[in-house]
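A closer look at the structure
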Amino acid sequence: VAAHMDEIGFIIRSISQEGYLGFSAVGGFDARVILGKRVRINTQCGDIYGVIGVCPVHLASDDAKKKTPKIEKLYIDIGASSREDAQKYVRIGDFAAFTTAPSLFGDGRFKAKAIDDRVGCAVAVELIKGITAPARDTWFVFTVCEEIGGAGAKVSSFSLAPDRAMVLEGTTAADVAGVSGDKRVCSLGNGVVISYMDRATLYSPGTFRLLCNLAGERAIPYQTKTMVAGGTDAGSIHISRDGIPCS
């Protein structure tokens, strides 16, 4: 049973004369959602904080105002006065991550960063707490590097050589205003999502049917994704060794 611990973030790749930090994405990003976000940078001096900035709108060209800026054009401002000042704290290769605080809202709703895949890790922990004597030898693996290719899943599945694997993930949803029908992918509140395929894996048909049947028998609300998109650690696991059936 696998869930990944890593999250998308940034890596510092340059420091300008003015002390601004250029960065590259670690994992897949929608640049539209990161403008103005506060970030934490892990450095040799401990954690320091900054804000993702871009050329002010009143100085941007008419063409630039119509486009989402590329990540290469953004910068992190840590309040440094110069390159020399910034270099007292930050080095090329330091990592940065969002600092968004979790909170409750609406009727039992929850918002937070890195729900992909902290929700999977939380479910795995609850399973560990609840299983006293599993019918079969069961390994729970908290993987790393899922967001950049699944290295943790590759080495752990090769090492353990399981008979089959289950991946716990936070999945894509588009149940928002202006989106209808199968383009919504799945809907919040309609139960756990059981996948049959994504862009990295064709999941075991037998296990897919088994999970759907078990959910029905035990009155567990469930749904299936209505779009083939994204990928999970199963993309690495299912081709490990001589093949490992995944769900």
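Quick caveat, the model's predicted, so the values are computed rather than measured. Note that residues are indexed from 1 along each chain, following the sequence as it is written. Only residues with pLDDT of at least 70 are given local features in this predicted model, and only at 80 or more are side-chain atom pairs given and counted; all residues enter the totals for whole chains, interfaces and linings. Neither water nor hydrogens contribute to the side-chain values; these are computed over all heavy atoms in the structure.

1. Regarding the confidence of the model for the protein chain
Filter applied, for reference: For every residue, the predictor reports its confidence as pLDDT, a number between 0 and 100. Helix and strand labels come from DSSP, where a helix needs a run of H or I of at least four residues and a strand needs a run of E of at least two; each type is numbered from the N terminus.
Per-chain confidence: the protein chain averages 92 in pLDDT, with 100% of residues scoring 70 or above. Of all helices and strands in the protein chain, the one with the weakest mean pLDDT is helix H1 (residues 62-65) (76), whereas strand S10 (residues 141-143) scores best (98).

2. Section: helix H5 (residues 205-217)
To be explicit about the condition: Take the residue count of a helix, subtract one, and multiply by 1.5 Å to get its expected span. Residue burial is assigned from relative accessible area. The probe radius is 1.4 Å, only protein chains are included, and a residue is buried under 20% of its type maximum, exposed over 50%, and partly exposed in between. It is the directions from the helix axis to the C-beta atoms whose arc is reported.
Compared with the 18 Å implied by 1.5 Å per residue over 13 residues, the 18 Å span of H5 between its first and last C-alpha is a close match. Those residues of H5 that fall on the buried side of the exposure criterion are Thr 207, Phe 208, Cys 212 and Ala 215. Buried positions in H5, seen along its axis, are confined to an arc of 135 degrees and lie on one side of it. Exposed residues on H5 whose side chains face more than 90 degrees from its buried face are Arg 209, Gly 216 and Glu 217.

3. Considering the pattern of salt bridges
To keep it simple, the criterion reads: For salt bridges, the criterion is a side-chain nitrogen of Lys or Arg within 4 Å of an Asp or Glu carboxyl oxygen.
Following the criterion strictly, the structure yields six salt bridges and no others. A salt bridge links Asp 85 to Lys 88, with the shortest nitrogen-to-oxygen separation between them at 3.9 Å. Overall, Asp 85 belongs to the buried group, its relative accessible area being 16%. Classification of Lys 88 as exposed rests on a relative accessible area of 55%. Lys 129 is the partner of Glu 126 in a salt bridge, and the nearest nitrogen-oxygen pair spans 3.4 Å. Placement of the pair is Glu 126 and Lys 129 together in helix H3 (residues 115-130), with a separation of three residues, close to one helical turn.

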